[in-house]
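A structural walkthrough
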Amino acid sequence: MRVALTGATGFLGLRLTRELLRQHGSLTVLAHAGSGDALRRITRFMELTDAPAELVADLPSRLRVVETDLAQPRLGLSGDVFGRLADELDVIWHSAGNIDLDDDLVNLRRVNVEGTRNVLELAAAGAREPAVHHISTAFVGGALREGVRYEDELDDTHGFENGYERSKYEAEVVVRAWSRAHGRPVVILRPSILVTDLPADPELPAHPLQFITRIATSALRGADLAGADVPDEARPVVRIKGHLRGHLNLMPVEHAAAVMVRLADRSPSAPVRTYHVVHEHDVAITVLAALVERLAPVKLRIVEKEPDDPTPLEALSDLYPGFTPYLGHRRRFDDTRVRTLLGSAPSGIHVDIDYLSAGLSVVPSARQAASAA
Ligand SMILES: NC(=O)c1ccc[n+]([C@@H]2O[C@H](COP(=O)([O-])OP(=O)(O)OC[C@H]3O[C@@H](n4cnc5c(N)ncnc54)[C@H](OP(=O)(O)O)[C@@H]3O)[C@@H](O)[C@H]2O)c1
């Protein structure tokens, strides 16, 4: 069986690559043209995660890298190469995307919406009618901040918190329309926010919560507290808008990849099957606040309303506005379909402050960066 994967060098894609190589002898990597040696990056990831030496040694023969640009018609390939690639595939996993919540909608749409359309064009052209597994996000649920989002729901009635959510929603609309038009099944996998406790490494894709270390570093600089052991009473207060009872779903990325591969294998061949790939427990917003306090000598206060009179430190700390609304979320993602298919299979991973700070490797790096500045 010939399997292809887009986004294999990404935070999720690297884990999907590992899972898919457990099942298949080879994998076609539809890599991002011009963005660095994909085989080297995948090999580095395997080494850093203690993959068996035999697997690492065999990567050059098991991975076939095809350089593509998702945003171009035919993925930037010539007609011949595109046609031959399409004809040999049995399965296409589409994980590539632009996950920058604050990026311009035009850029987000180019990769997330047009890119998805171009991947579907590849699937449509394939003589063997390859199965399509599309990686979406639970956050297509948009700006509904309370209540429950279900796996069969897809609507824009609540609007979106940022351009990223909108672009991923539009991509799902495109996928569903394609499935209807071509009479082809699609599996849509919607993870929540992906996290890991694997320490950050300059050669690995950024952790999706890496901005927290940027905020901490900036707070250290702004408060002129670099390297200092600051007593509690001397910590400046930073107010940030959110909800004290807010919570977010953070899913360990390794477990997410394993669940996705199992779902794709077992999914009934209904036209479109959508799954919430989420952790069994949400994380309280107060835990994220405590995480910031662990990284920077500040006192974080969750407040109902954005302060009218932000201090210079508060202004400096607002480095990722696309994420800020999530601090007010109290919504849950229903994953009944996943549990029906796979049974109750908890990850066994406790996503707590220690788990999160391990993955951000924050304490030394944030302070060192601040004192170096
Ligand atoms: N990260 C999360 O928390 C999260 C949560 C829910 C859903 N998701 C979804 O999961 C998927 C994977 O996300 P991720 O965390 O792995 O993102 P990521 O680490 O930013 O990786 C993105 C991947 O897409 C590739 N890519 C970007 N632009 C491309 C283009 N024009 N042509 C070809 N390839 C391109 C990148 O290649 P290069 O590295 O070579 O540029 C990289 O392999 C996305 O669809 C995202 O929406 C992610």
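A brief look at the structure comes next. Please read these numbers as outputs of a predicted model, since none were measured by experiment.

Before going further, it helps to examine the overall build of the protein. From N to C terminus, the protein includes 13 helices and 15 strands. A globule of 373 residues ought to have a C-alpha radius of gyration of about 21 Å, and the protein, at 21 Å, matches this closely. Its C-alpha atoms put the protein at 70 × 45 × 40 Å along the principal axes. Sequence separation of at least 24 residues holds for 83% of the intrachain contacts in the protein that already meet a minimum separation of 6. With the model as given, the accessible surface of the protein reaches about 16,200 Å², and the carbon-plus-sulfur share is 51%. Charge separation in the protein, taken as the distance between the mean sites of 42 positive and 51 negative side-chain charges, equals 3 Å.

Let us now look at the site of the ligand. What surrounds the ligand is a group of 28 residues, the closest being Thr9, Ser35, Arg41, Tyr164 and Lys168. Taking Leu70, its main chain carries an N or O atom lying 3.0 Å from a nitrogen atom of the ligand. Contact between the ligand and Leu194: an oxygen atom at 2.9 Å from a main-chain N or O atom of the residue. Elements supplying a minimum of two residues to the shell around the ligand: α6 (163-182) and β8 (193-195).

To continue, consider the packing of helix α5 (residues 105-125) against α6. The packing of two helices is summarised by the inter-axis angle and the distance between the axes. Packing of α5 against α6 leaves a shortest axis separation of 9 Å and a crossing angle of 20°. For the element pair α5 / α6, the angle class is roughly parallel. Classified by chirality, the crossing of α6 by α5 is right-handed. In this structure, α5 contributes Leu105, Leu108, Arg109, Asn112, Val113, Thr116, Arg117, Leu120, Ala123 and Ala124 to the contact, and α6 contributes Gly163, Tyr164, Arg166, Ser167, Lys168, Glu170, Ala171, Val174, Val175, Trp178 and His182. Its residues placed into classes, the contact of α5 with α6 shows 11 nonpolar, 5 polar and 5 charged.

The subject of this paragraph is the packing of aromatic side chains. Within the structure shown, the criterion is met by 6 aromatic pairs. On the basis of an interplanar angle of 65° and a centroid distance of 5.6 Å, the ring pair of Phe139 and Phe333 is categorised as edge-to-face. Taken as a pair, Phe139 in the loop between β5 (131-135) and β6 (146-149) and Phe333 in strand β15 (residues 330-333) lie far apart in primary sequence, 194 residues in all. Of the two residues, Phe139 and Phe333, both sit in the buried class. Arranged with centres 5.1 Å apart and planes meeting at 40°, the rings of Phe160 and Tyr169 form a pair that is tilted. Side by side, Phe160 and Tyr169 carry an identical accessibility label, which is buried.

Right, let's talk about the pairing of strand β7 (residues 186-191) for a bit. Where burial is concerned, most of β7 is hidden: 6 out of the 6 residues are buried. Residue alternation in β7 divides its side chains into two sets, Val186, Ile188 and Arg190 and Val187, Leu189 and Pro191, and both sets are buried. Judged from the 4 bridges that link them, β5 and β7 form a sheet pairing that is parallel. From the neighbouring strand, His134 faces β7, where its bridge partner is Ile188. Pairing geometry for β7 and strand β12 (residues 272-277), over 6 bridges, is parallel. Bridge assignment links Ile188 to a residue of β12, and that residue is Thr274.

Definitions and cut-offs
- Residues numbered from 1 in each chain as written.
- Predicted model: local features only at pLDDT ≥ 70, side-chain atom pairs only at ≥ 80, totals over all residues.
- Heavy atoms only, no water.
- Helix = DSSP H or I, 4+ residues; strand = E, 2+ residues; numbered from the N terminus.
- Rg over C-alpha atoms; globule rule 2.2 N^0.38 Å.
- Contact = heavy atoms within 4.5 Å.
- Areas by Shrake-Rupley, 256 points an atom, 1.4 Å probe, with all protein chains shown as cover.
- Lys, Arg positive; Asp, Glu negative; His and termini not counted.
- Charge placed at Lys NZ, Arg CZ, Asp CG, Glu CD.
- Near = heavy atom within 4 Å.
- Polar contact = N/O pair within 3.5 Å; in protein donor to acceptor, adjacent residues only side chain to side chain.
- Axes fitted to C-alpha atoms, helices over the stretch in contact; angles between N-to-C directions.
- Parallel < 35°, antiparallel > 145°, perpendicular 65-115°, else oblique.
- Left-handed = near helix turned anticlockwise from the far one by under 90°.
- Nonpolar A, V, L, I, M, F, W, Y, C, P; charged D, E, K, R; others polar.
- Phe/Tyr/Trp six-rings, centres within 6.5 Å; stacked < 30°, edge-to-face > 60°.
- Buried < 20%, exposed > 50% of the residue type's maximum accessible area, 1.4 Å probe, protein only.
- Pairing = 2+ DSSP bridges.

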